[in-house]
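Single-letter residue listing:
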Number of protein chains: 2
Amino acid sequence: MLTRAGCDQRVGELLDRLSADCQAIVLTHPCHVNYLSGFLPSLAVLNEQKLSFLVVAADGQTTLIADNWQAGAARACQAHQTLIYEWYDETRPAKSCRQLAVRTLLEHLRSVHPRLRGVGVETSALPFEAAENIRQLFRNVTLNDISEPLTEMRKCKHEDEIESIREAVRACEAGFSAVQQELGPGMTELEACASANAAALNSAGLPIVAGGDFISGLERCAAGSGLPTSRVMQAGELLIMDFFLSLRGYHADLCRTLSVSGRLVQEQSRRLAILDKAKAAAEEQLRPGAKAAQIYKALPDVVAGEGLAGQFWGHAGHGIGLDHPESPFIVAESEEELEYGNVVTLEPGLYLEGWGGMRIEDDYLITTTGYERLSSLDSKG
Amino acid sequence: MLTRAGCDQRVGELLDRLSADCQAIVLTHPCHVNYLSGFLPSLAVLNEQKLSFLVVAADGQTTLIADNWQAGAARACQAHQTLIYEWYDETRPAKSCRQLAVRTLLEHLRSVHPRLRGVGVETSALPFEAAENIRQLFRNVTLNDISEPLTEMRKCKHEDEIESIREAVRACEAGFSAVQQELGPGMTELEACASANAAALNSAGLPIVAGGDFISGLERCAAGSGLPTSRVMQAGELLIMDFFLSLRGYHADLCRTLSVSGRLVQEQSRRLAILDKAKAAAEEQLRPGAKAAQIYKALPDVVAGEGLAGQFWGHAGHGIGLDHPESPFIVAESEEELEYGNVVTLEPGLYLEGWGGMRIEDDYLITTTGYERLSSLDSKG
């Protein structure tokens with residue numbers, strides 16, 4: 001869970017990155033509201049119109065604006081102040097949640113920041129209506145896009161963020177344990193997915209958002225990705241289970257290729273060993289200063305060395321955190337370098353037409369001297 | 001699943017409701033993009049920055065703008081044309097999805113609508129950046145809020161929408177069947193939730209978004225709502241299971257109060273019978289022209305008639321569709337009247353401090369002459 005100290009530190013860091021002409025910051029994107037306050041709309045409410053704002057004052061004080069159905073989650077978060085607007089009281093019909101959120105934002109800005117000349121906003125997330133009203137309320141105010149400093153900051157995770165990712169990884173691993181135990185001929189891909197979701201939910205102890213590739217059999221595995229279907233899995237087949245989830249807004253992303261009958265045949269074992277070797281070669285390079293393009297290269301190089309030149313495609317990995325995927329991207333044409341505090345995945349795969357496919361994936365924290373593998377699944381399918 | 005005919009009909013209806021000075025409509029909110037095109041971002045991708053637009057031309061032609069990771073879902077939807085922007089090709093680092101979406105939108109508007117004077121938009125959803133660029137590109141263009149006609153239209157469901165809600169209800173019911181079978185002393189609320197989710201997923205045959213109240217025991221049931229916890233349920237206790245989900249963007253919302261040991265004691269049965277009676281009294285009034293406030297009143301009236309005056313609180317029900325809750329709201333202070341094509345819930349509950357709580361909920365389609373109950377769960381706990 002994000003801590004007050006972590007949120008305050010990130011607020012300070014963001015303010016340091018902004019020019020002095022911002023007297024306030026208005027955050028709209030749920031990821032960024034969470035990033036600086038730990039607030040996420042409750043998954044107990046599936047309302048699609050939810051709109052929350054986080055206002056950051058120049059002195060670092062944060063004010064969360066949320067609707068009355070989110071009051072519990074709002075009051076439990078790390079914002080310094082909470083403004084709850086009455087959206088739906090179950091006595092009168094609900095009003096427009098989004099318009100009320102904008103109105104509450106404007107009232108707050110007017111009362112707390114009466115002489116606003118500059119506001120930091122995410123221009124691609126802030127609703128037009130909010131921007132328009134801010135400009136009407138404060139003559140000559142400028143709205144400055146702060147998406148870039150936010151994206152930049154998010155690359156290096158703080159301690160409380162890393163703890164959140166660890167929790168997400170543990171829930172994700174519980175999904176793999178369940179499927180490894182239950183998998184067998186006759187099970188459908190959907191049943192495997194349902195079993196993974198159930199175990200992850202029980203492990204997390206609270207609702208999660210989960211997704212993933214659950215693909216079995218030669219043809220589907222060769223494609224490399226796909227939603228689970230009612231396809232019944234057979235002995236001898238493989239299941240690529242790329243299972244990912246977000247827990248309190250932080251993502252985990254793991255993959256294993258599992259044998260439906262529990263035993264890999266020789267050729268499957270040999271190819272899985274190639275992926276393990278490729279992953280190990282990339283892992284060896286994980287440290288601050290390492291070039292993403294170089295790390296990427298380890299994967300096709302190992303695959304080529306095993307006589308399968310040209311058979312590796314896709315990325316070698318990517319960052320995870322408040323999003324999936326996010327920077328740094330471990331791809332062929334990258335200029336990025338790893339930094340202390342990055343959290344990345346490595347996910348070598350082999351997809352051969354007529355033969356099928358395999359992929360494995362783990363999550364890593366970049367430490368001061370190298371890396372820490374956050375996931376502890378064994379490599380066996 | 002939404003059909004081409006249904007989407008075209010809704011597009012026509014929306015255009016009819018708008019003033020003549022709109023040469024195009026730009027939809028941003030995922031609910032509304034779905035409403036007029038059947039497009040929903042794939043749940044196989046948990047990326048949080050996704051941004052799609054649907055552009056509706058004055059002649060009813062629709063153009064969906066989505067990123068390359070959504071290309072499959074985009075091409076399978078009911079929009080007449082699809083514009084895919086390259087967000088992340090796994091060779092170069094991903095660019096800002098949201099900025100690319102805005103750029104693609106602008107290019108499309110410039111090439112197809114070179115002399116734009118009026119655009120219909122959702123002002124509380126359209127990103128500021130998109131609005132600003134549209135105004136720079138087309139001098140003197142006006143951006144007209146179309147949120148109200150959209151909200152108005154959404155109250156009466158089309159045939160394909162009703163079919164989508166039916167599918168969601170079936171998946172939701174599968175969740176209840178599973179929990180009814182598996183529930184017993186020693187099970188946790190989280191396990192019940194996981195079991196419901198798993199059964200709903202298997203029934204739906206594709207990923208769903210699910211939420212709900214899973215509350216057991218006197219104290220938690222008396223509160224009326226709450227996320228599932230690791231609380232272990234005991235014989236003699238009740239579980240309020242208010243389970244809701246969205247399937248392809250359409251919502252279902254059902255509730256039953258289940259006995260953990262499978263048998264209700266006399267007082268529990270008696271109170272459940274009160275809720276059944278209250279629900280039946282409200283059902284009798286469900287027809288086009290019925291006043292929401294009158295329907296609401298049936299619930300507290302029945303409860304009062306059973307000697308529990310003042311013990312009913314909360315709403316009596318609400319609309320469901322692309323959102324949950326949505327109009328019409330069946331509440332005490334409503335001016336709304338039911339119309340043919342509304343889909344509403346009725347959810348009487350009793351929450352008594354020191355005794356606990358109970359709630360039941362079903363989903364109804366308002367027909368030309370009365371109602372059709374969409375859910376077929378029996379009333380027993």
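Residues numbered from 1 in each chain as written. Chains lettered and ligands numbered in written order. Predicted model: local features only at pLDDT ≥ 70, side-chain atom pairs only at ≥ 80, totals over all residues. Heavy atoms only, no water.

### Digging into the interface of chain A and chain B
Thinking step 1. Each partner contributes to the interface: chain A provides 67 residues, whereas chain B provides 67 residues.
Thinking step 2. Interface area, chain A with chain B, both sides summed: about 5300 Å², of which 60% is carbon and sulfur.
Thinking step 3. If you sort the residues of chain A by the area they bury against chain B, A:Leu46, A:Ser124 and A:Phe128 come out on top, with a joint share of 14%.
Thinking step 4. Where chain A touches chain B, the interface holds four salt bridges.
Thinking step 5. A salt bridge links B:Arg135 to A:Glu132, with the nearest nitrogen and oxygen atoms 2.9 Å apart.
Thinking step 6. Where chain A packs against chain B, one counts 29 residue pairs in polar contact (both at pLDDT 80 or more).
Thinking step 7. For the side of chain A that touches chain B, the secondary structure elements donating two or more residues are helix 4 (97-112), helix 5 (128-137), strand 6 (142-145), helix 8 (189-204), strand 7 (209-216) and strand 8 (238-247) of chain A.
Thinking step 8. If one sorts the elements of the side of chain A that touches chain B by residue count, helix 8 of chain A sits on top with eight residues. (Contact = heavy atoms within 4.5 Å. Buried area = accessible area lost by both parts, 1.4 Å probe. Salt bridge = Lys/Arg side-chain N within 4 Å of Asp/Glu carboxyl O. Polar contact = N/O pair within 3.5 Å; in protein donor to acceptor, adjacent residues only side chain to side chain. Helix = DSSP H or I, 4+ residues; strand = E, 2+ residues; numbered from the N terminus.)

### Observations concerning the sheet that holds strand 8 (residues 238-247) of chain B
Residue and element names in this part refer to chain B.
Thinking step 1. The sheet built from three strands is open, its strands ordered 7-8-9 with antiparallel pairing. Of all the strands in the sheet, just strand 7 (209-216) and strand 9 (250-259) have a single pairing partner and so form its edges. Put simply, the sheet's adjacent strands are angled 10 degrees from each other on average, direction ignored.
Thinking step 2. By the bridge criterion, eight bridges tie strand 7 to strand 8 in an arrangement that is antiparallel. Paired with Ile215 across the strands is Ile240, a residue of strand 8. (Pairing = 2+ DSSP bridges. Axes fitted to C-alpha atoms, helices over the stretch in contact; angles between N-to-C directions.)

### Focus: the relation of the copies chain A and chain B
Two copies of a chain can be linked by a rotation about an axis combined with a shift along that same axis.
Thinking step 1. Once chain A has been moved 0.0 Å along the axis and rotated by 180 degrees, it coincides with chain B to within an RMSD of 0.0 Å. What the superposition gives is, in effect, a two-fold axis relating one chain to the other. Taking C-alpha positions as the reference, the residue of chain A nearest the rotation axis is A:Phe128, at 2.0 Å. (Least-squares fit on C-alpha atoms with pLDDT ≥ 70 in both.)

### Regarding the environment of B:Ser334
All names here are of chain B.
Thinking step 1. By the secondary structure assignment, Ser334 is in the loop between strand 11 (326-330) and strand 12 (343-346).
Thinking step 2. Residues Ser334 and Ala280, spaced 54 residues apart in sequence, show a C-alpha to C-alpha distance of 21 Å.
Thinking step 3. Within the structure, the side chain of Ser334 is placed 2.9 Å from the backbone nitrogen of Glu336, a separation counted as a polar contact.

### Focus on the side chain of A:Asp160
Residue and element names in this part refer to chain A.
Thinking step 1. The residue Asp160 is located in helix 7 (residues 159-182) in this model.
Thinking step 2. A relative accessible area of 6% places Asp160 in the buried class.
Thinking step 3. Side chain to side chain, Asp160 and Arg10 meet in a polar contact 2.8 Å long.
Thinking step 4. Apart from residues lying up to four places away in sequence, Asp160 is in contact with Met1, Leu2, Thr3, Gly6, Cys7 and Arg10. (Buried < 20%, exposed > 50% of the residue type's maximum accessible area, 1.4 Å probe, protein only.)

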